[in-house]
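# Reading the structure
Chain by chain, the residues:
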Amino acid sequence: DSSLQALLSSSHLADFAAGQEIVQQGDDPKFLYLIIKGAVKTLRYSAEGKEATIRMLGAGETFLDAVIFMGGKSPINAKAIEDSNLLLIPA
């Protein structure tokens, strides 16, 4: 319980408008993202600039967790596909 309280006390909620970029490929991940409300698309761009959707995510799902635990730069972009409220948990 105390570990969870410490983690949540340093987390914060953030709103993202539909179409707003949340994370860019190559960023150093600063947060684990938990979708409280809304929907997020994770995607990549090829060298030619073509978009490839990786996952469509909704309330209760997380993203960037694997990168945070394994280390390294973000291999994906993340974009809100509808107005969304996310819990940002520090990496």
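Our subject is the structure listed above.
First, a word on what this report is: a plain description of the structure on this page. (Residues numbered from 1 in each chain as written. Predicted model: local features only at pLDDT ≥ 70, side-chain atom pairs only at ≥ 80, totals over all residues. Heavy atoms only, no water.)

### Topic: the overall build of the chain
Our working definition: Starting at the N terminus, helices and strands are each numbered in turn, a helix being any DSSP run of H or I of at least four residues and a strand any DSSP run of E of at least two. Contacts between residues were defined by any pair of non-hydrogen atoms, one from each residue, lying within 4.5 Å.
Summing up its helical and strand segments, the chain has two helices and six strands in all. Moving toward the C terminus, one meets the helices and strands of the chain in the order α-β-β-β-β-β-α-β. Overall, the chain is about 50 × 30 × 15 Å in size when its C-alpha atoms are taken along their principal axes. Within the chain, counting contacts between residues at least 6 apart in sequence, those at least 24 apart form 74% of the total.

### Brief notes about unusual backbone geometry
Quick note on the threshold: For every residue, the accessible area (1.4 Å probe, protein chains only) is compared with the maximum for its type, and the residue is labelled buried under 20%, exposed over 50%, or partly exposed between those bounds.
The residue Leu64 is not glycine, and still its phi comes out positive at about 75 degrees. Relative to the helices and strands, Leu64 is located in the loop between strand E5 (62-63) and helix H2 (65-70). You can call Leu64 buried: its relative accessible area is 5%.

### Details of the layout of surface pockets
Defined as follows: Grid points spaced at 1 Å over the protein atoms alone were grouped into cavities, where a 1.4 Å probe fits but cannot get out, and pockets, open sets with protein on both sides within 12 Å along at least five of seven lines, with lining residues defined by an atom within 4 Å of a point. Grid points are joined across faces, edges and corners, and a volume is the space filled by probe spheres set on the points. By the convention adopted, Pro, Cys, Tyr, Trp, Phe, Met, Ile, Leu, Val and Ala count as nonpolar, Lys, Arg, Asp and Glu as charged, and the other residues, Gly among them, as polar.
Of the volumes computed, that of the largest pocket is approximately 160 Å³. Lining the largest pocket, in full, are Thr42, Arg44, Ile54, Arg55, Phe63, Leu64, Asp65, Ala66, Val67, Pro75 and Ile76. Within the residue set of the lining of the largest pocket, elements represented by two or more residues are strand E3 (31-45), strand E4 (51-58) and H2. Sorting elements by how many residues they give to the lining of the largest pocket places H2 first, with three residues. Tallied by class, the residues present in the lining of the largest pocket amount to seven nonpolar, one polar and three charged.

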